[in-house]
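# Commentary on secondary and tertiary structure
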Amino acid sequence: EAQVTQNPRYLITVTGKKLTVTCSQNMNHEYMSWYRQDPGLGLRQIYYSMNVEVTDKGDVPEGYKVSRKEKRNFPLILESPSPNQTSLYFCASSQATGGGGGANVLTFGAGSRLTVL
Amino acid sequence: QQPVQSPQAVILREGEDAVINCSSSKALYSVHWYRQKHGEAPVFLMILLKGGEQKGHEKISASFNEKKQQSSLYLTASQLSYSGTYFCGTEDDQAGTALIFGKGTTLSVSS
């Protein structure tokens with residue numbers, strides 16, 4: 001089944017304790033992206049990647065890191081989490097982006113709800 | 001820059017129609033529409049491309065005015081299953097840019 005898998009789905013942690021949210025897709029998609037969703041603010045992009053070893057900042061990258069060493073994986077790293085990073089996080093992927101017609105339709109993971117105390 | 005959606009919320013009875021609008025300050029290559037039900041991930045509904053190509057979803061249609069950088073989503077004869085939050089996502093008129101989402105419009109359909 002074609003899907004985007006995120007782990008963990010739920011996490012409660014404390015300020016300053018490094019954590020990684022993993023994201024993996026099995027569709028051989030080039031494009032992957034991380035969003036955070038907060039009430040009233042919609043889906044805001046954190047980082048995205050056009051392909052392996054190519055990453056770019058989105059609208060809210062502060063406090064986050066990403067890497068894209070393999071095509072299928074795009075982990076989100078919070079080096080020193082703070083309470084303002086409490087949010088619902090979504091990973092998404094698409095075949096391509098830009099000029100691809102339907103190829104850039106996003107498939108989302110189920111989401112990871114993170115609470116930082 | 002984040003596209004602007006209106007209205008923020010819509011309350012309908014089954015069978016009624018609704019229109020959700022999305023506007024951008026930038027020239028657009030495409031507009032996407034997604035629906036998110038409570039506690040779930042957003043799901044693709046439709047994409048509209050510059051030049052008029054359109055892909056659709058049954059009983060839900062959309063328009064894209066390239067000159068005005070606006071798109072509208074039309075939900076006709078709404079059903080209870082239409083309830084959720086609708087997001088438009090816009091892609092700038094350049095190859096290789098990211099998809100930016102609006103803040104969403106919450107649609108509630110009751111019987």
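Residues numbered from 1 in each chain as written. Chains lettered and ligands numbered in written order. Predicted model: local features only at pLDDT ≥ 70, side-chain atom pairs only at ≥ 80, totals over all residues. Heavy atoms only, no water.

With that settled, consider the packing of aromatic side chains. A full pass over the atoms with the stated rule returns 10 aromatic pairs over all chains. Their ring planes at 40 degrees and their centres at 6.0 Å tell us that Tyr35 of chain A and Phe108 of chain A sit as a pair that is tilted. One end of the pair, Tyr35 of chain A, is in strand 4 (residues 31-38); the other, Phe108 of chain A, is in strand 10 (residues 107-108), and 73 residues separate them in sequence. Owing to a relative accessible area of 0%, Tyr35 of chain A belongs among the buried residues under this scheme. On the basis of an interplanar angle of 55 degrees and a centroid distance of 6.1 Å, the ring pair of Phe108 of chain A and Phe101 of chain B is categorised as tilted. With Phe108 of chain A in strand 10 and Phe101 of chain B in strand 10 (residues 99-101), this pair bridges two chains. Side by side, Phe108 of chain A and Phe101 of chain B carry an identical accessibility label, which is buried. Of the aromatic side chains, those joined through ring pairs into one cluster are Tyr35, Phe90 and Phe108 of chain A together with Tyr34, Phe44, Phe87 and Phe101 of chain B. (Phe/Tyr/Trp six-rings, centres within 6.5 Å; stacked < 30°, edge-to-face > 60°. Helix = DSSP H or I, 4+ residues; strand = E, 2+ residues; numbered from the N terminus. Buried < 20%, exposed > 50% of the residue type's maximum accessible area, 1.4 Å probe, protein only.)

Once that is clear, we can look at the sheet that holds strand 7 (residues 65-66) of chain A. Strand pairing in a sheet is mediated by backbone hydrogen bonds. Such pairs are either parallel or antiparallel. All names here are of chain A. Pairing is antiparallel across the open sheet formed by 4 strands, whose spatial order is 1-3-8-7. Each of the sheet's edge strands pairs with one partner strand only, and the pair in question is strand 1 (4-7) and strand 7. Looking at chain direction, strand 1 and strand 3 (residues 19-25) are connected through 4 bridges and run antiparallel. Note that in strand 3 the partner of Gln6 across the bridge is Cys23. (Pairing = 2+ DSSP bridges.)

Residues and elements named next belong to chain A. Within the fold, Ser82 resides in the loop between strand 8 (76-78) and strand 9 (87-94). You can call Ser82 partly exposed: its relative accessible area is 22%. Expressed as a C-alpha distance, the spacing of Ser82 and Asn7, which sit 75 residues apart in the sequence, is 19 Å. With sequence-adjacent residues up to four places away left out, Ser82 is seen in contact with Thr15 and Val116. In terms of polar contacts, Ser82 uses its side chain to reach the side chain of Asn84, at 2.5 Å. (Contact = heavy atoms within 4.5 Å. Polar contact = N/O pair within 3.5 Å; in protein donor to acceptor, adjacent residues only side chain to side chain.)

All names here are of chain A. Tallied over the full model, the rule gives 3 salt bridges over all chains. With its nearest N and O atoms 2.8 Å apart, the salt bridge here joins Arg36 to Asp38. Using a relative accessible area of 8% as the deciding quantity, one classes Arg36 as buried. Residue Asp38 is classed as buried on the basis of its relative accessible area, which comes to 12%. As a salt-bridge pair, Lys65 and Glu79 come within 3.0 Å of each other at their nearest N and O atoms. Here Lys65, found in strand 7, pairs with Glu79, found in the loop between strand 8 and strand 9; they are 14 residues apart in sequence, far enough to count as distant. (Salt bridge = Lys/Arg side-chain N within 4 Å of Asp/Glu carboxyl O.)

The next thing to look at is unusual backbone geometry. In this structure, Pro8 of chain A follows Asn7 of chain A across a cis peptide bond, with omega equal to -5 degrees. Structurally, Pro8 of chain A can be placed in the loop between strand 1 and strand 2 (10-13). A positive phi angle, close to 60 degrees, is found at Asn28 of chain A, a residue other than glycine. Classification of Asn28 of chain A as exposed rests on a relative accessible area of 54%. For Ala77 of chain B, which is not glycine, the phi dihedral falls at a positive 50 degrees.

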